[in-house]
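Results of the structural survey
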Amino acid sequence: MKLSELGVKEVVNLNNGGRLGILADSDLVIDEGSGKIISILVPDRRLSLRIFGVEKNSMDIPWDAIRKIGYDMIIVELDY
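Here is a short report on the structure shown in this document. Just so we're clear, the structure is a prediction, and the values are computed from it rather than from any experiment. (Residues numbered from 1 in each chain as written. Predicted model: local features only at pLDDT ≥ 70, side-chain atom pairs only at ≥ 80, totals over all residues. Heavy atoms only, no water.)

**A word on the nonpolar core**
Membership of the largest hydrophobic core is limited to 12 residues, which are L6, V11, L20, L23, I40, V42, I61, A65, I66, I74, V76 and L78. Secondary-structure elements contributing two or more residues to this core are strand 4 (37–43) and strand 7 (73–76). (Core = buried A, V, L, I, M, F, W, Y, C linked by side-chain atoms within 4.5 Å. Buried < 20%, exposed > 50% of the residue type's maximum accessible area, 1.4 Å probe, protein only. Helix = DSSP H or I, 4+ residues; strand = E, 2+ residues; numbered from the N terminus.)

Set out below in structure tokens:
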């Protein structure tokens, strides 16, 4: 799968059905040595309506928390 195909997918938590964001709005943390993805940094959706100049917080989702990559969403299993 190409990275551009991942960008349009929504990230959803399996445990509570929470919508965490769109992968296109996120950053990937990649191991420089191996080239493997370590985690996804999804911006905190609650801060999206705040005034400019506020530092954005993000949720760090470990790559091994991903349970399924579907046609239009990525299912992750998180306790929070």
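**A closer look at the pattern of salt bridges**
The tally for this structure, following the rule as stated, stands at 2 salt bridges. Where E10 meets R19, a salt bridge forms, and the shortest distance between an N and an O atom there is 2.7 Å. The exposed category is assigned to R19, whose relative accessible area is 53%. Among the salt bridges present, the one from E77 reaches R67, with a minimum N-O distance of 2.8 Å. Residue E77 is found in the segment after strand 7, and its partner R67 is found in strand 6 (residues 66–69); the two are separated by 10 residues along the sequence. Here E77 falls in the partly exposed class, since its relative accessible area comes to 34%. On the basis of relative accessibility, which here comes to 45%, the residue R67 falls in the partly exposed class. (Salt bridge = Lys/Arg side-chain N within 4 Å of Asp/Glu carboxyl O.)

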